[in-house]
Amino acid sequence: MTAWTFFNDEWHEGNPLIMGPMHHAPWLASCVFDGARAFEGVAPDLDRHCQRLVNSAITFGLAPTKQADEIENLAREGIAKFDRSAALYIRPMFWANDGFVDVDPDSTQFSVSVYDAAIPEPTGMSLIWSKFRRPSYDFAPTDAKAACHYPNSARAMREAKARGYENAVMLDALGHVSELATANIFYAKNAEVFTPVPNGTFLNGITRQRVIGLLRDEGIKVHEDSVCFDNLLEADEVFSTGNWAKVAPITRLEDRDFQPGPMYQKARDLYWAYAHGRKA
């Protein structure tokens, strides 16, 4: 992997050491981050990812040392270190060095890493229903994209892999579908698209929002509503959105097999066209 990280006002190649054992972040999880993509010479919604990082930092009580436009400019500096055709992951972060339980905002640190990361081929993903659930806002800082959320997602992924699957559908505390362990989820029924309504248990993903808007602009009905697991099992097709794989088909859900369908293909085609500044 080729990687560049901006930290302490300069670019470092590889994986520089940026935290120590006495710092707050590795001890008490005061780390927020975001993830954007550059691929095929474009970096869609990079500005929105940078702004979400700033918002996440404020949620955590951190004092952002850079604003969204500064972060975007640095990210583009990092992107320029690679070939234009490279598939890259862009990961800016804020974290605290000091504090006891709560953070000391004056100790806020910043970095942005840009590195090679291929976008998975859309060959289909298999899912289980997970016994691990997404927390509500009063149980965790669900309005931030934060490192502390991911150990529970890791448990769901571990559970899925132990059964020979790749990912997991996670429910909220009331038993409604929330999201996958790593992405937002959609299903289609009778040529209409459905996705869980943001209810404080998952981030309203940037790619999710973009795909909803693109589909609606094409005259496709997209419903944000409470979703039950049985809705997924009875769907015509299921797909996911997220920064890692962008728009990807689901081809197996527990014992039910699916084929990539027309709503998935439309969503993917529309997103790729949007990313490249053209109509699908």
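Keep in mind that what you see is a predicted model, and the values were worked out from it rather than measured.

Conventions we followed
Residues numbered from 1 in each chain as written. Predicted model: local features only at pLDDT ≥ 70, side-chain atom pairs only at ≥ 80, totals over all residues. Heavy atoms only, no water. Helix = DSSP H or I, 4+ residues; strand = E, 2+ residues; numbered from the N terminus. Buried < 20%, exposed > 50% of the residue type's maximum accessible area, 1.4 Å probe, protein only. Contact = heavy atoms within 4.5 Å. Expected span 1.5 Å × (residues − 1). Arc of directions from axis to C-beta. Patch = residues over 30% accessible without salt bridge, like charges linked within 9 Å, V, L, I, M, F, W, Y side chains within 5 Å. Areas by Shrake-Rupley, 256 points an atom, 1.4 Å probe, with all protein chains shown as cover. Salt bridge = Lys/Arg side-chain N within 4 Å of Asp/Glu carboxyl O. Core = buried A, V, L, I, M, F, W, Y, C linked by side-chain atoms within 4.5 Å. Polar contact = N/O pair within 3.5 Å; in protein donor to acceptor, adjacent residues only side chain to side chain. Pairing = 2+ DSSP bridges. Phe/Tyr/Trp six-rings, centres within 6.5 Å; stacked < 30°, edge-to-face > 60°. Lys NZ or Arg CZ within 6 Å of the ring centre and 35° of its normal.

Draft legend 1. Up close: the environment of Ala267. With respect to the helices and strands, Ala267 occurs in helix H7 (residues 262-275). For Ala267, a relative accessible area of 1% puts it in the buried group. What Ala267 contacts, discounting residues up to four positions off in sequence, is Val211, Leu215, Phe239 and Val247.

Draft legend 2. Structural detail: helix H4 (residues 150-162). Relative to the 18 Å expected for 13 residues at 1.5 Å per residue, H4 spans 18 Å between its end C-alpha atoms, a close match to the ideal helical length. Every buried residue of H4 is listed here: Asn152, Ser153, Ala156, Met157, Glu159 and Ala160. Looking straight down H4, one finds that the buried residues subtend no more than 155° of arc, so they occupy a single side. Turned more than 90 degrees from where H4 packs its buried face, Pro151, Arg158, Lys161 and Ala162 sit exposed. Against the buried residues of H4 lie strand E7 (125-129) and strand E8 (167-171).

Draft legend 3. Fine view of a nonpolar patch on the surface. Residues Trp27, Leu28, Phe100 and Val101 make up a contiguous nonpolar surface patch of roughly 470 Å² in combined accessible area. Looking at the element boundaries, Trp27 is found in helix H1 (residues 24-28).

Draft legend 4. Structural detail: unusual backbone geometry. Of note, Asp45 is a non-glycine position whose phi angle comes to about 60°, a positive value. Mapped onto the elements of the fold, Asp45 is located in the loop between strand E4 (36-38) and helix H2 (46-59).

Draft legend 5. A look at the nonpolar core. Residues Val32, Leu46, Leu62, Ile79, Ile90, Phe94 and Phe110 are the most contacted members of the largest nonpolar core, which totals 30 residues. Elements that contribute at least two residues to this core include exactly E4, H2, helix H3 (68-79), strand E5 (88-96) and strand E6 (108-116). Within the second largest apolar cluster, 21 residues are counted, among which are Val42, Phe239, Met263 and Trp272.

Draft legend 6. Summary view of the side chain of Thr5. Within the element layout of this structure, Thr5 appears in strand E1 (residues 3-7). Overall, the relative accessible area of 6% leaves Thr5 in the buried class. Within the structure, the side chain of Thr5 is placed 2.7 Å from the side chain of Ser113, a separation counted as a polar contact.

Draft legend 7. Examining the pairing of strand E2 (residues 10-13) more closely. Bridge analysis of E1 against E2 gives four bridges, and the strand direction is antiparallel. Bridging from a neighbouring strand, Phe7 pairs with Glu10 of E2. What sits between E1 and E2 in their antiparallel hairpin is a turn of two residues, with Asn8 showing a positive phi close to 55°.

Draft legend 8. Molecular detail of the packing of aromatic side chains. This structure, assessed with the given rule, holds 13 aromatic pairs. Summarising the aromatic geometry, the rings of Tyr187 and Phe194 are spaced 4.9 Å apart at their centres and angled 10° between planes, so their arrangement reads as stacked. With respect to burial, Tyr187 and Phe194 carry one shared label: buried. Geometrically, the ring pair formed by Tyr271 and Trp272 is edge-to-face, given 6.0 Å between the ring centres and 65° between the ring planes. Neither Tyr271 nor Trp272 differs from the other in exposure class; each is buried. An aromatic cluster is present here, built from Phe39, Tyr271, Trp272 and Tyr274 joined pairwise through their rings. Over the aromatic face of Trp244 sits the side chain of Arg37, whose NZ or CZ is 4.6 Å from the ring centroid. We note Lys81 situated over the ring of Trp4; from NZ or CZ to the ring centre the distance is 4.5 Å.

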